[in-house]
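Results of the structural survey
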Amino acid sequence: MMNKTLDYIIRFLLGDDLSPDLCATIGYTSDRSLFHKYTTVIIPSGFFDEQTYGTPASLPPLPLHEIEGIPLLFGVPRIEKIGDTLVTHADLIASSYFLISRYEEMLKRNSRDEHGRFPGNESLPYRAGFIHRPVIDEYRLLLRRWLRETNRNIPEIPKGIRKINLTHDIDAPFLYRSWKGLVRHFRDNRSLTGAIRAKFGPLENDPFYTFPFLFEQNNALTSISDNAKAQAFYFLKAGGSSPQDKPHYNLKSRDMQSLLDAIKRQNGTIGLHSSYQAGREPHYILREKKRLERAVGHPITCNRHHFLALRQPEDIESLEAAKITDDYTMGYADIAGFRLGTSYPVQAINPVTRRLSPLTLHPLILMDCTLDDPKYMALGDEEATIYCLELFEQIRQVGGEVTLLWHNTSLIEKPESYQRKLYTLLLNELIRE
């Protein structure tokens, strides 16, 4: 099983545009008698040794080494030629595995915030200063160059953003459409006439119903994208009894059915927004998925956890059991960047069993509230814009993918918020790709 996982890491490092046969030309061994079989050899650092793996001694010490300016978690930045074989002591395999599997989150079980999430500001990428860089994608460029130096015909990876995922968590689709909302309207010192209009009038009158703006912005990008380069996803709740799962909404209500019909007309993909409760009790994932499928009338294969509170490895196994194929949770709530060390979709790895999962993880690069929330990055308008555009540039350099998360409730027009302006700016930037 471990050999299958390591083979996958090598294939992932090479890139999906190259023949899998190339994997056989790369050796992961310190046995010099085997070097002649390979064009390139990566010397293991000892990370996977049974006496080391899973112990505190396996964590990379800071400061990290660098190889050609790229942070290196394991091994040393030494390259030599032995016969016709290029040999590197930079353990790109263990370094990539560490990030993709979120190995340190397994080892630091007690490092969790009040929602059970591993904090980004305690992660190695943040502490080592490379959370804003997709270092595994940089390893890919380096490895492909080494292969070219051994006379392999390996093309350059085209710069640019190859795919864009515009994702939206619908935590609260409406503010005033329920009877509780009617009471809320009065509490907000609004008139009886206004309350009745808010409850029974057009959906567009509801402050949280920013979907017409959202559809317009998304369509400006998705309508000009070729080969489905850009796609919009809408994640809906279908259960959860924790206080954090409020407000609950009825998926079969007239208002929700109108919203679902609007999403379908926009060719949006509907996914499950697994509840906060399901984050703590993963067996609820399947129940919620079935409820959502009944409401929308078709299978659901995509997921994102509410509060980004996906845990390891129990949730991964429950997502697999529920026949979820793609998950979009993998970002930190408190810091934007590359939680998995890559901007490319990647198969999940269980660091406890070292098993390769069929579940595909789509790295979440940016979430709206991460940027402006005082508990998180607390960036002003200009700072947030600069940070986001720098992340885009990092992805362009490695030919990767962008996954954004903007909530409909963040797009309310109000003087103190820059979210609507920033979302428009970022999509205009992506339109130029």
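Residue numbering note: each chain is counted from 1, following its sequence as written. Per-residue local features are limited, in this predicted model, to residues with pLDDT of at least 70; the limit for side-chain atom pairs, both in listing and counting, is 80 or more; totals at the level of whole chains, interfaces and linings are taken over all residues. Values shown for side chains rest on all heavy atoms present in the structure; no hydrogens or waters enter the calculation.

1. Looking at the environment of Tyr28
To be explicit about the condition: The secondary structure listing takes helices from DSSP runs of H or I that are at least 4 residues long and strands from runs of E that are at least 2 residues long, numbered from the N terminus. Between buried and exposed lies partly exposed: a residue is buried under 20% and exposed over 50% of the maximum accessible area for its type, with that area taken using a 1.4 Å probe on protein chains only. Residue contacts are defined here by distance: any two heavy atoms, one from each residue, within 4.5 Å place the two residues in contact.
Structurally, Tyr28 is set in strand β1 (residues 26-28). The class for Tyr28 is partly exposed, based on a relative accessible area of 21%. For the pair Tyr28 and Leu92, spaced 64 residues apart in sequence, the C-alpha to C-alpha distance is 9.9 Å. With sequence-adjacent residues up to four places away left out, Tyr28 is seen in contact with Leu6, Ile42, Ile43, Pro44, Ser45, Phe48, Asp91, Ile93 and Ala94.

2. Section: the nonpolar core
The following threshold applies: Only buried residues count toward a nonpolar core. Its members are Ala, Val, Leu, Ile, Met, Phe, Trp, Tyr and Cys residues joined through side-chain atoms within 4.5 Å.
Leu236, Leu366 and Leu371 are the most contacted members of the largest nonpolar core, which has 118 residues in total. Residue contributions to this core peak at eight residues, all from helix α1 (residues 2-14). If near-sequence neighbours (up to four positions away) are discounted, Leu236 is found in contact with Ile170, Tyr249, Leu251, Met256, Leu260, Ile270, Gly271, Leu272, His273 and Leu292.

3. Quick look at the sheet that holds strand β5 (residues 75-82)
Just so we agree on the cut-off: Strand pairing follows a simple DSSP-based rule, namely that at least 2 bridges must link the two strands. Here an angle of 0 to 180 degrees is reported between the N-to-C directions of two axes, which are lines fitted to C-alpha atoms, with helices fitted over the stretch in contact.
Judged by pairing direction, the sheet is mixed, and its four strands sit side by side in the order β1-β2-β6-β5 without closing on themselves. In this open sheet, the two edge strands, each paired with only one partner strand, are β1 and β5. Neighbour to neighbour, the strand axes of the sheet diverge by 20° on average, direction disregarded. Pairing of strand β2 (residues 40-42) with strand β6 (residues 85-90), which is carried by three bridges, proceeds in the parallel orientation. Across the sheet, residue Thr40 finds its bridge partner in β6, namely Leu86.

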